[in-house]
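This is what each chain is made of:
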Amino acid sequence: MERTCARAVEIGLPAIAFTEHADFTPWVVAADDPAPPPPSLVDADGLFSPPGLDVDGYLACLQVCRDKFPDLRIMSGVELGEAHWHRRAAADLLSGDRFDRVLGSLHALQSNGRYVEPSQLFREQPVAEVVWGYLAEVTRLIEQSDAFEVLAHIDYVLRYLPADAGPFDPTAFEDEFRTALDALARSGRALEVNTRLPLHAQVVRWWYDVGGEAVTFGSDAHEPAMLATGFSSAAAMVEAAGFHPGRHPYDFWRRHR
């Protein structure tokens with residue numbers, strides 16, 4: 001965390017948000033997972049049970065950084081995984097208003113009575129069915145949970161597309177994207193433009209078309225060197241779609257009137 005703050009200062013960022021993961025869903029880990037979780041958290045059947053978020057420890061680390069980097073605005077945050085499946089756990093975690101920013105995300109899907117990551121499903125189902133299923137579940141996440149203010153990486157499933165799938169064409173899934181985006185717009189929440197896998201410009205244009213009011217940016221930087229990667233091109237793309245920056249660097253970008 002301190003190294004990431006130092007990187008933010010180095011590249012001239014005035015603000016940063018650490019949206020720590022809070023996952024509640026146990027999922028099956030593939031035997032050849034390229035980044036497997038610690039073996040101590042995986043049982044004999046390959047089921048990974050995410051540990052609970054140490055909020056006090058997280059906030060203590062955040063305060064150390066705030067003391068060390070007083071000129072950098074450091075925001076607290078959390079990314080809730082599958083909050084619509086874990087409403088009580090999400091509500092308990094958010095009690096006390098300790099987070100400046102709350103993201104909602106979908107990392108796993110249900111299949112044959114188990115939870116698996118999209119990378120596993122692509123081995124079992126056609127690409128189109130996995131993407132359709134993912135976007136349908138994103139819509140349910142939006143409609144069934146109000147625990148978060150920003151939808152994170154609506155295109156998370158695309159990170160795991162098989163190498164032989166060819167270039168991704170978002171128009172093949174326009175109805176599914178628009179349905180999810182429309183639900184998000186009607187709820188008054190913001191769409192994250194995540195630059196780890198650059199969000200397709202067409203999706204942002206659809207977001208504007210359905211009445212989306214705001215976007216925010218995330219580099220999903222699990223390493224300091226990745227902080228703010230792709231932000232310049234993402235900002236230009238978002239502005240071209242009809243959104244403009246707020247008064248402060250940590251504000252949402254809003255649609256032009």
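We now turn to the structure provided with this report. (Residues numbered from 1 in each chain as written. Predicted model: local features only at pLDDT ≥ 70, side-chain atom pairs only at ≥ 80, totals over all residues. Heavy atoms only, no water.)

### Quick look at the overall build of the chain
Selection criterion: Secondary structure elements follow DSSP: runs of H or I no shorter than four residues count as helices, runs of E no shorter than two count as strands, and numbering proceeds from the N terminus. For a compact globule the rule gives 2.2 Å times the number of residues to the power 0.38, and the radius of gyration it is set against comes from C-alpha atoms. Any residue under 20% of the maximum accessible area for its type is buried, any over 50% is exposed, and the rest in between are partly exposed; the area is computed with a 1.4 Å probe on protein chains only. Any two residues whose heavy atoms approach within 4.5 Å at even a single point are treated as in contact. For every accessible area listed, the method is Shrake-Rupley and the probe measures 1.4 Å; residues are considered covered only by the protein chains on display. Here Asp and Glu are counted as negative and Lys and Arg as positive; His is not counted, and neither are the chain ends. The atom standing in for a charge is NZ when the residue is Lys, CZ when it is Arg, CG when it is Asp and CD when it is Glu.
A tally of regular secondary structure across the chain gives 8 helices and 12 strands. Here the C-alpha radius of gyration of the chain, 18 Å, is about what a compact globule of 257 residues would show, namely 18 Å. Over its C-alpha atoms, taken along the principal directions, the chain stretches across nearly 50 × 45 × 35 Å. Expressed as a percentage of its 257 residues, the buried residues of the chain come to 45%. Contacts spanning at least 24 positions in sequence make up 69% of the contacts within the chain whose residues lie at least 6 apart. For the chain, the exposed area adds up to about 12,700 Å²; of that, 50% sits on carbon and sulfur atoms. Each charge class in the chain can be summarised by its mean position, and for the 22 positive and 38 negative side chains these summaries are 6 Å apart.

### Looking at the pattern of salt bridges
Convention followed: For this analysis, a salt bridge means a side-chain nitrogen from Lys or Arg found within 4 Å of a carboxyl oxygen belonging to Asp or Glu.
What the rule picks out here adds up to 9 salt bridges. The salt bridge involving Arg-66 is made with Asp-100; its shortest N-O contact spans 3.6 Å. Taken together, the positions of Arg-66 in helix H2 (residues 55–68) and Asp-100 in the loop between helix H3 (87–94) and strand E5 (101–105) put the pair 34 residues apart, joining distant regions of the chain. Residues Arg-178 and Asp-209 are paired through a salt bridge, measuring 3.4 Å at the closest nitrogen-oxygen approach. With Arg-178 in helix H6 (residues 174–186) and Asp-209 in helix H7 (residues 201–209), this residue pair connects regions lying 31 residues apart in the sequence. Taken together, the shared-partner salt bridges connect Glu-174, Arg-178 and Asp-209 into one network.

### What about the sheet that holds E5?
Applicable threshold: Only strands joined by at least two bridges in the DSSP assignment are considered to pair. In this description, a line fitted to the C-alpha atoms serves as the axis of each element, helices being fitted only across the stretch in contact, and the angle between N-to-C directions of two axes falls anywhere from 0 to 180 degrees.
Taken together, the 8 strands give an open sheet; going across it, the order is E1-E4-E5-E8-E9-E10-E12-E11, and neighbouring strands pair in mixed fashion. Here the strands that pair on one side only, and so sit at the sheet edges, are strand E1 (15–22) and strand E11 (243–244). Bridging between strand E9 (residues 190–194) and strand E10 (residues 214–218) involves 4 bridges; their strand directions are parallel. When the sheet's bridge partners are listed, Leu-191 is paired in E10 with Val-215. Contacts from H2 reach E1 and strand E4 (73–81) within the one sheet, and its direction differs from that of E4 by about 155°. Along the sheet face, H3 touches E1, E4 and E5 and points at about 165° away from the line of E4.

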